[in-house]
Amino acid sequence: VSHYRLFPKALGRLVAALGVRELHLTLTQGFWRTQAWGQPPLQAPPGAELWVWFQPTVTNIDKAWKELSNILSGIFCASLNFIDSTNTVIPTASFKPLGLANGTDHRLLRYAVLPREVVCTENLTPWKKLLPCGSKAGLAVLLKAERLFHSSYHSQAVHIRPVCRDASCLAVSWELRQTLTVVFDTFSSGQGKKDWSLFKMFSRTLTDACPLASQSKVYVDISPKNKEKELLEVTPPPASLHEAIVQGDKRTYAVYDLLSPSLFNTSRSLNVQLKWKRPQDSSELPTPILYAQRYVSGYGLQTGDISTLIYNTHPYRAFPVLLLETVPWYLRLYVHTLTIVTKGKENKPSYIHYQPAQDRRRPHLLEMLIQLPANSATKITIQFERALLKWTEYPPDPNHGFYVGSSVLSALVPSVIAMKDVDVEQSPLFASLFPSSDGSSYFVRLYTEPLLVNLPTPDFSMPYNVICLTCTVVAVCYGSFYNLLTRTFHVEEPNRGGLAKRLANIIRKFRGVPPL
């Protein structure tokens, strides 16, 4: 990387020095509720997720991976330095390169997730500084921290990959994509109304575009939500409309071009507003074709079950899904108890890869390719045993529990509407965010809930009790004995008193008062 007019220098030097081919980092607070909010546009697991493809010229990938996580930890003020061999895996089938790739040797890939990472303002500020105009101009002026984090879901991401510079692909360029996904609860913050506007959500409006931007647009989804197929009305009226196939569904967008001089003629700022004609339309969301759930069952602190439910709601199409499970080493999996049941029958995976864990060295890795029949629910269950850790390995709050990272589902979901090649050429933004291999399917990567598992925890108050009891015994017994051994005794002779005492006794004798 030699051109730093727009590309941040911190990331450019990092990519060049460590031989990075692709880098994908997400920092997320909250969990995307697929059944309530619909299909996610860009989903990420709760916490921090990092997966990187290295160049084939890198000799020691583990060392480069450790240096990379430490440097990114400093850049984004995150706890990525806690990434080590105990939470790093090498997937064999998942997380294929998203950019140009000469080969797909999975030994060049590293994947790690920290489900307990808390995302806050100190992570958003360095993310905004990577933008060409920062948060001073353009769309980034809306990124007010106190509004963004007063939301139900917040996810920020950085993606770096190699792409073709032109159609002939004779030269390769680096593409940096920064995405921010936020879910606002307008019902609770809007006094029971679901109407929204830019000012209500961000407490700010758009005044100008970033001077360095070649394109600066706002897309508002106004697709029909009712049976009458009426487009939603937004104010001010948009100058143009754009239709695109997004995740197998036809969407209509109102487009506001910030670089258009006619946009700011009537008013100095842009405040997009939407008022629902029918309040019931805002609650009608289509059921996603693919979604999943995950939970822990069992009782006691010795054994338990991890269950994953995968739903295919397509009425007549079956498709395969690739499942990636990463389980920490202190949950010892019993692979012989693995069961996959669909509609009451056993469902054998067509591909399975399992790498057992090593205590305090690496986690479990389980990858399976499972066929999902149409309109079905598939249940995957595996038993585990809890390990007893050393007392120095427990965190400061051991009774809170231990987190298990989310499962990853990758699938080509059948599309309802066929996508044309012309649409890809006319809308490069949507083709980049929502890629489609062909007209019949689109790629989806989903994450399940992270798990919180209790481990056998010793009573950490006992050392305190022992110390208190021991100190009491030492202070009372040994202290008294030592005092008797070291004390010196002196015989005090009776003192007859001085001249003042004698005079006082003489006076008291004349007065008839007993002497002193």
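Above this text sits the structure in question.
The following paragraphs examine the structure supplied in this document. Note that this is a predicted model, so its numbers are computed, not measured.

## A look at the pattern of salt bridges
One pass over the full model with this rule turns up 11 salt bridges. One salt bridge connects D221 with R251, and the closest N-O pair in it is separated by 3.5 Å. One end of the pair, D221, is in strand β8 (residues 217–221); the other, R251, is in strand β11 (residues 249–257), with 30 residues separating them in the sequence. Accessibility expressed as a relative area gives 25% for D221, which makes it partly exposed. We note a salt bridge from E325 to R294, for which the minimum N-O separation is 2.7 Å. Here E325 is found in strand β15 (residues 319–327), whereas its partner R294 is found in strand β13 (residues 290–297), with 31 residues between them in sequence. Accessibility classification places E325 together with R294 in one group, the buried group. Salt bridges sharing common partners tie together R161, E175 and R177.

## A closer look at the side chain of S94
Relative to the helices and strands, S94 is located in the loop between β3 (88–89) and β4 (109–114). Classification of S94 as buried rests on a relative accessible area of 2%. If we ignore the near neighbours within four places in the chain, the residues touching S94 are L109, L322, L324 and E367.

## Section: the side chain of S307
As for its position among the elements, S307 is in strand β14 (residues 303–312). Discounting chain neighbours no more than four positions away, the residues touching S307 are Q293, R294, Y295, S297, K379, I380 and T381.

## Section: the sheet that holds strand β5 (residues 153–164)
Ordered by their spatial adjacency, 6 strands build an open sheet running β3-β4-β2-β1-β5-β6, and the pairing between neighbours is antiparallel. Bordering the open sheet on either side are β3 and β6 (172–183), each of which pairs with just one other strand. Where helix α4 (residues 121–129) meets the sheet, its contacts fall on β1 (20–29), β5 and β6, and the angle it forms with β5 comes to roughly 30°.

## Notes on the pairing of strand β23 (residues 441–447)
Along any regular strand the residues' side chains alternate between the sheet's two faces. Most of β23 sits inside the fold, with 6 of its 7 residues counted as buried. As judged from the 7 bridges shared by strand β22 (residues 408–414) and β23, these two strands associate in the antiparallel manner. Each residue of the ladder has a partner; that of L409, found in β23, is L446.

## Points about a nonpolar patch on the surface
Judged by side-chain polarity, L499, L503, I506 and F510 come together as a nonpolar surface patch covering roughly 490 Å² of accessible area. By the element assignment, L499 lies in helix α11 (residues 499–511). By relative accessible area, which is 63% here, L499 ends up exposed.

## Let's talk about the packing of aromatic side chains
Tallied over the full model, the rule gives 13 aromatic pairs. Here Y394 and F460 contribute two aromatic rings whose centre-to-centre distance is 5.5 Å and whose plane-to-plane angle is 70°, an arrangement assigned as edge-to-face. Separated by 66 residues along the polypeptide, Y394 in the loop between β20 (376–386) and β21 (402–404) and F460 in the loop between β24 (451–453) and α10 (462–486) bring together distant segments of the chain. A ring pair is formed by Y478 and Y482, whose centres lie 6.1 Å apart and whose planes are at 25°; its orientation type is stacked. On the criterion of helical spacing, the pair formed by Y478 and Y482 is a turn pair, its members being 4 residues apart in helix α10. Judged by its relative accessible area of 46%, Y482 is partly exposed.

## What about the state of the cysteines?
Inspection of the entire model under this criterion finds 2 disulfides. Bridging C133 to C210, the disulfide has an S-S length of 1.8 Å. Of note, the bridge from C133 to C210 carries an S-S torsion of about 70° and is right-handed in sense. A residue pair is termed long-range when its members are at least 10 positions apart, and C133 in the loop between α4 and α5 (145–148) and C210 in the loop between α7 (198–202) and β8 qualify at 77 residues. Like C133, the residue C210 is buried in the burial classification. Two residues share a disulfide in this structure: C164 and C169, whose sulfurs sit 1.9 Å from each other.

About the thresholds
- Residues numbered from 1 in each chain as written.
- Predicted model: local features only at pLDDT ≥ 70, side-chain atom pairs only at ≥ 80, totals over all residues.
- Heavy atoms only, no water.
- Salt bridge = Lys/Arg side-chain N within 4 Å of Asp/Glu carboxyl O.
- Helix = DSSP H or I, 4+ residues; strand = E, 2+ residues; numbered from the N terminus.
- Buried < 20%, exposed > 50% of the residue type's maximum accessible area, 1.4 Å probe, protein only.
- Contact = heavy atoms within 4.5 Å.
- Pairing = 2+ DSSP bridges.
- Axes fitted to C-alpha atoms, helices over the stretch in contact; angles between N-to-C directions.
- Patch = residues over 30% accessible without salt bridge, like charges linked within 9 Å, V, L, I, M, F, W, Y side chains within 5 Å.
- Areas by Shrake-Rupley, 256 points an atom, 1.4 Å probe, with all protein chains shown as cover.
- Phe/Tyr/Trp six-rings, centres within 6.5 Å; stacked < 30°, edge-to-face > 60°.
- Disulfide = S-S within 2.5 Å.

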